[in-house]
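Commentary on secondary and tertiary structure
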Amino acid sequence: MFLLRRASCCRPKIPRFRCGYATEAAIPQVPKPSAFGQPLFQSHPHLVNSTELTPGFTAQEYETRRRNLMDSLPDSSIVVAISGTVKYMSGQIFYKFRQASDFWYLTGFDEPNSAVILEKTSTSRGYRMTLFSAGRDPAKEKWDGARTSFSDAGAIFRADDARSIDHFASHLRSVLSVSSNVFVDVPPTFNRKSSKFTAKSILNYLSPPLTPRTEYDSVVESLSSSKRKPLAPKVAQLRAIKSEAELSVMRQAADISGRAHAKTMRFARPGLSEAALAAHFEYLCSLAGSQRPAYVPVVASGANALIIHYTSNNHLISEGDFLLIDAGCEYNGYASDITRSFPASGTFTPAQRDLYAAVLSAQKALIALCTEASGLSMHQIHLHTCVLLREELKQIGMDVQARDLEQILFPHYVAHPIGLDLHESSNFDRSGSLKAGMVITIEPGIYVPPSPSFPKHFHNIGIRIEDEVVVGKEHPVVLSVAAPKEIADVEGACQGLLGFEAF
Ligand SMILES: [Mn+2]
C-alpha cells in the first residue's frame, strides 16, 4: 500500500499533449514491433487517431495538397519529390532521421530512400500517384526497424501504385517521354562543393545506387533538358498559407515551447550553466511529445546575448546577468520559434526594465500590423521596426542614427515565415502583401555593445522578444502566448508566482 502510494505520487503528471502516456486502464494493446515504417493508428493509437494519417492530419489533407499543387501546374506536368536521407555525424554514426519537408508535405510518408511521382491527368482525381520506397526486408528490419510494405504504402498513403525505389529511374524515364514539364528539385545539400545543382545529383542522392549507372545517366540526360523546372517555389506557395489542421499543430508546438520557456525562467538562477538551461528546455519539450528541437537553442547570459547565433551555451550565469533564450521544438513536423529575455535574478534592474519595455512596446505594435487589412509586406514591417525602435530608444535617452540602429543595435531581420521549416524564407516574397493564414515570426531586438556611443547602463544587454503570429484578415493571432512576455509576467514566472513550476 505504502509503496503503491509512493509510486503513484512520484509519477510525472500526464502532459497535455499526446506524448506516449496513457492511464493504465487505457493502455492500448498493439503488436510490437510495429509492421510499419512510421507511427500509424494501427500501431500507435496513442499518437495517431483513427481519422488521421499522420499526427494531426487526415489522408484527405494530403490529398488536397497534392490536388492543389497539380491544379497549379500546366497540363502535361509531372512532379518528382524525393525523400530525405539518413545523415551521418561521423562514419556509420547516424543522426535521427528527419523527412524532407516538401516530400513530407505532399505524402506524409516518413521513410528515407523514397520518392513520389505525380502525373497530371484529366481524371476526377486530377493526377496519378506512384510512391517508391525501400519496402520490406527482414534482414535489414532486424537492425533498423520496420518498413512499410508496398501494398500497405499504396493503400494507406493513397498511391495508385506503390513499388520499389529500384524502379524509380526506369519509371521516371517512361513518364518523362510523355511530359512537357518536369517539376523536380535537386536536394540542395548534395553539391555544396561545386555550388552546382546538377541533375545527376538527384539519382546519386538516393543511396545506395539502386540501378545500373547507364540507366541513371540516360534518365539524367532527359532531366537536364529545358523541361526541367524547380518544384520548391510551387510547393512554397501552398505551404505559405496554413490550413486549420496546420495551425492547430503549430499552436500545440508553440504551446509546448512556450510552457518550456516559462518553466526554464523558473529553473534559471545564477551559478547554473547556460547548458543546463538548454538541457532543461529540451527535456521539457521532449517530455511533452516533441520529436526534436527545431534548431540549436541560443541560451545566452550577459554579453553573450549580443552574439545573434550564440549556441556554444557553455558559460555560467552570473548574478545580475540578463538572459536571452531563443529556443523552440519541432512537433509533428512543424517548427516553433520563440525568444524570451529575462533577468537571472528574477527581478529587472531599472536599465534592463527600460530597454526591455522599449523592445516590448515595439514588438506589440508590430504584431498588430500582421493583418491582411494592413496591406503591408514583411519587408515594410521590417522598415517600420527600425522607425519604431528608434522612437522607443529616444524615450529612454538613446538618440541613435538610423545607421547605428540597423548596423549595430538591431542587425537582423524582424521576421521570417515558419511552418514545416523554421525559416520558410527561400521562396517567400518579402515584398508581397501579407495574406491571412500565413505564419511569421515577429522578433525585434536591441543589442548594446560596450561603446561610448551608447549609455553606459545599457552596455552588454542583449534583448530579443520573438513570437509566432498568424496573419489574420483583420486581427493577428499570437501562437506563442504560453511564454510570459509582459514584465510582471516574466518576473512572476522567474519567481514562481505564475503557477509554473520549474519541472
Ligand atoms: Mn526566428
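Residues numbered from 1 in each chain as written. Predicted model: local features only at pLDDT ≥ 70, side-chain atom pairs only at ≥ 80, totals over all residues. Heavy atoms only, no water.

Using the following cut-off: UniProt positions are given in the numbering used here, feature names are shortened, and annotations may be inferred rather than shown by experiment.
You'll find the chain entered in an unreviewed UniProt entry as Peptidase M24, with Mycena rosella given as the organism. In its Cofactor (unreviewed entry) section, UniProt records this for the chain: "Mn(2+)".

1. Observations concerning the side chain of S34
Note the threshold: What counts as a helix is a DSSP run of H or I of at least four residues, what counts as a strand is a run of E of at least two, and both are numbered from the N terminus. Only heavy atoms enter the contact rule, under which two residues are in contact if any of them lie within 4.5 Å.
Tracing the chain through its elements places S34 in the loop between helix 1 (2-10) and helix 2 (59-71). Apart from the residues within four sequence positions on either side, S34 is in contact with S43, H44 and A146.

2. Describing the coordination of the manganese ion
The cut-off we apply is this: Each metal's donors are the N, O and S atoms within 2.8 Å of it, or within 3.2 Å when it is Na, K or Ca, and because water is not part of the set, sites may look incomplete. Note on classification: 1.4 Å probe, protein chains only; a residue is buried when its accessible area is under 20% of the maximum for its type, exposed when over 50%, partly exposed between these limits.
Donor atoms from the polypeptide that coordinate the manganese ion comprise D337 (OD), H416 (NE2), E443 (OE) and E466 (OE), at 2.0 to 2.5 Å from the metal. Donor residues for the manganese ion sit on one chain with the sequence pattern D-x78-H-x26-E-x22-E. Placement of D337 in the loop between strand 13 (334-335) and strand 14 (338-343) and of H416 in the loop between helix 14 (402-409) and strand 15 (439-442) is noted, with a sequence separation of 79 residues between them. Take D337: its relative accessible area is 3%, and that puts it in the buried class. H416 sits in the buried class, given a relative accessible area of 6%.

3. Some words on the sheet that holds strand 13
Worth spelling out the cut-off: Pairing between two strands requires that DSSP report at least two bridges joining them.
Overall, antiparallel pairing links the three strands, which are arranged 9-12-13 in an open sheet. What marks the edges here is a single partner per strand, and that holds for strand 9 (292-293) and strand 13. Sheet topology places strand 9 next to strand 12 (residues 329-331); two bridges connect them, and they run antiparallel. Considered in strand 12, the bridge of R292 is made with E330.

4. Structural notes on the sheet that holds strand 19 (residues 477-478)
By way of backbone hydrogen bonds, the strands of a sheet pair with one another, either parallel or antiparallel. Ordered in space as 15-18-19, the three strands form an open sheet in which the pairing is antiparallel. In this open sheet, the two edge strands, each paired with only one partner strand, are strand 15 and strand 19. Looking at chain direction, strand 15 and strand 18 (residues 467-470) are connected through four bridges and run antiparallel. Bridging from a neighbouring strand, I442 pairs with D467 of strand 18.

5. With respect to the nonpolar core
To keep it simple, the criterion reads: We define the nonpolar core as a collection of buried residues of types Ala, Val, Leu, Ile, Met, Phe, Trp, Tyr and Cys that are connected through side-chain atoms lying within 4.5 Å of one another. Each domain's limits were defined by an automated method or a database of domain assignments.
Ranked by internal contacts, the top residues of the largest apolar core, which has 114 residues, are L69 and L355. Looking at which element gives the most residues to this core, the answer is helix 10 (residues 244-267), with ten residues. Composition of this core by domain shows at least three residues from each of domain 1 (59-237) and domain 2 (241-495). When neighbours within four sequence positions are excluded, L355 is seen to be in contact with L393, I396, M398, I446, V448, F458, I461 and I463. Within the second largest apolar cluster, 13 residues are counted, among which are I82, F168, V175 and V184.

6. Thoughts on the pattern of salt bridges
Applicable threshold: For this document, the term salt bridge refers to a Lys or Arg side-chain nitrogen within 4 Å of an Asp or Glu carboxyl oxygen.
Tallied over the full model, the rule gives 24 salt bridges. Where D421 meets R98, a salt bridge forms, and the shortest distance between an N and an O atom there is 3.9 Å. Separated by 323 residues along the polypeptide, D421 in the loop between helix 14 and strand 15 and R98 in the loop between strand 3 (93-94) and helix 3 (101-107) bring together distant segments of the chain. A relative accessible area of 26% places R98 in the partly exposed class. The salt bridge involving R464 is made with D326; its shortest N-O contact spans 2.9 Å. On the criterion of sequence distance, the pair formed by R464 in strand 17 (residues 462-464) and D326 in strand 11 (residues 322-327) is long-range, its members being 138 residues apart. Several salt bridges share partner residues, and in doing so they unite R98, D102, R239, K242, R292, E330, D421 and E424 into one network.

7. Here's the deal with the packing of aromatic side chains
The description of an aromatic ring pair uses the distance of the two centres, along with the angle that the planes make with each other. Rule in force here: Side-chain rings of Phe, Tyr and Trp, where Trp is taken by its six-membered ring, are said to pair if the distance between their centres is within 6.5 Å; with planes under 30 degrees apart they count as stacked, over 60 as edge-to-face, and otherwise as tilted.
Applying the stated criterion across every chain, the model contains eight aromatic pairs. Between F109 and F157 the ring centres are 5.0 Å apart and the planes differ by 90°, which places this aromatic pair in the edge-to-face class. One end of the pair, F109, is in the loop between helix 3 and strand 4 (115-120); the other, F157, is in the loop between helix 5 (150-156) and strand 6 (161-164), with 48 residues separating them in the sequence. Since its relative accessible area comes to 0%, F109 is described here as buried. Taken together, a centroid distance of 5.4 Å and an interplanar angle of 70° make the contact between F132 and F168 edge-to-face. Of the two residues, F132 is situated in strand 5 (residues 127-133) and F168 in helix 6 (residues 168-176); the sequence distance between them amounts to 36 residues. Like F132, the residue F168 is buried in the burial classification. One aromatic cluster in this structure is built from F57, Y62 and Y334.

8. Regarding unusual backbone geometry
The peptide bond linking K32 to P33 adopts the cis configuration, its omega dihedral lying at -5°. You can see P33 is positioned in the loop between helix 1 and helix 2. Positive phi values are uncommon outside glycine, yet N113 reaches one of about 55°. Summarising the element assignment, N113 is placed in the loop between helix 3 and strand 4. Its identity as a non-glycine residue notwithstanding, R158 has a phi of 60°, on the positive side. Relative to the helices and strands, R158 is located in the loop between helix 5 and strand 6.

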